[in-house]
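Residues per chain are reported as follows:
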Amino acid sequence: MLEKCKEMKPFQKINHFPGMYQIARKNYLARNLNKMQKQFPADYKFFPKTWLLPHQLEDLKNYSAANPGVNFIVKPEALSQGKGIFITRKFDQIDPQEHLVVQKYLKAPYLIDEYKFDFRVYILVTNVHPLRIFMFKDGLARFATEKYKSKAFNNPFIHLTNYAINKDNANYKADQSADATTGHKRSLDSIFVRLAKD
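Here's what I pulled together on the structure shown here. (Residues numbered from 1 in each chain as written. Predicted model: local features only at pLDDT ≥ 70, side-chain atom pairs only at ≥ 80, totals over all residues. Heavy atoms only, no water.)

1. Some words on the packing of aromatic side chains
Okay, so step 1: One pass over the full model with this rule turns up eleven aromatic pairs.
Okay, so step 2: Ring centres of Tyr21 and Tyr28 lie 5.1 Å apart, and the angle between their planes is 75°; this geometry places the pair in the edge-to-face category.
Okay, so step 3: By relative accessible area, Tyr21 is classed as partly exposed at 43%.
Okay, so step 4: Arranged with centres 5.7 Å apart and planes meeting at 75°, the rings of Trp51 and Phe72 form a pair that is edge-to-face. One end of the pair, Trp51, is in strand E1 (residues 50-53); the other, Phe72, is in strand E2 (residues 72-76), with 21 residues separating them in the sequence.
Okay, so step 5: Judged by its relative accessible area of 1%, Trp51 falls in the buried class.
Okay, so step 6: Aromatic rings pair up to connect Tyr110, Phe117, Phe119, Phe143 and Phe192 into one cluster.
Okay, so step 7: Residue placement shows Lys185 over the ring face of Tyr163; its charged tip is 3.8 Å from the ring centre.
Okay, so step 8: In this structure, Arg186 packs its charged tip against the face of Phe143, placed 4.1 Å from the ring centre. (Phe/Tyr/Trp six-rings, centres within 6.5 Å; stacked < 30°, edge-to-face > 60°. Buried < 20%, exposed > 50% of the residue type's maximum accessible area, 1.4 Å probe, protein only. Helix = DSSP H or I, 4+ residues; strand = E, 2+ residues; numbered from the N terminus. Lys NZ or Arg CZ within 6 Å of the ring centre and 35° of its normal.)

2. As for the sheet that holds strand E8 (residues 140-143)
Okay, so step 1: The strand order across the open sheet built from three strands is E5-E8-E9, with neighbouring strands paired in antiparallel fashion. Among the strands making up the open sheet, the edge pair consists of strand E5 (117-120) and strand E9 (185-187). Adjacent strand axes in the sheet meet at a mean angle of 25°, parallel and antiparallel pairs treated alike.
Okay, so step 2: Pairing between E8 and E9: three bridges, direction antiparallel. Each residue of the ladder has a partner; that of Leu140, found in E9, is Ser187.
Okay, so step 3: Packed onto the sheet, helix H7 (residues 188-197) meets E5, E8 and E9 and runs at close to 75° relative to E9. (Pairing = 2+ DSSP bridges. Axes fitted to C-alpha atoms, helices over the stretch in contact; angles between N-to-C directions. Contact = heavy atoms within 4.5 Å.)

3. Some points on the pattern of salt bridges
Okay, so step 1: A full pass over the atoms with the stated rule returns five salt bridges.
Okay, so step 2: Notably, a salt bridge pairs Lys167 with Asp168, separated by 3.5 Å at the nearest N-O pair.
Okay, so step 3: Judged by its relative accessible area of 39%, Lys167 falls in the partly exposed class. (Salt bridge = Lys/Arg side-chain N within 4 Å of Asp/Glu carboxyl O.)

That's the geometry; what it means functionally is another story.
Below is the structure:
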């Protein structure tokens, strides 16, 4: 990518900064977060313990043996929309040959109305030196479509918030308004209002 950028004409534009995949793909993001955590442990304790397989297979095996009650969420490194994700506490259910991102699964996530949720925040980076970032004033909160239980690992509607998965659940409710305050896809602003009340 960098070589292509050097050959660009002054009137040409690209829609990605060179090397952006280093934070845009889950396996590279995990690798870089782990590196930063080693260098700045106090500043990089905001994400769960993470392994990249097959490279860190032995470390994961040892951790799993020493912590038999721990659940892991397993994600294929190059898939999206929740495809191939599963939760397990059994190390032998993880394929040692696959390229995976494995994380310690949080047993007690923060819930709203007993549902798991996540945030989608939209930003535009127009420059990296100096760093210039614009954040859209609102985003999305995506909700799972079944109430959270720490078990029932084979039910993705409980543990995953991906729209591509939850839209197929009979429980899925859409709120079509721009400032959606109900349903399984809500405005980020409505969630901040809700959190302020809690």
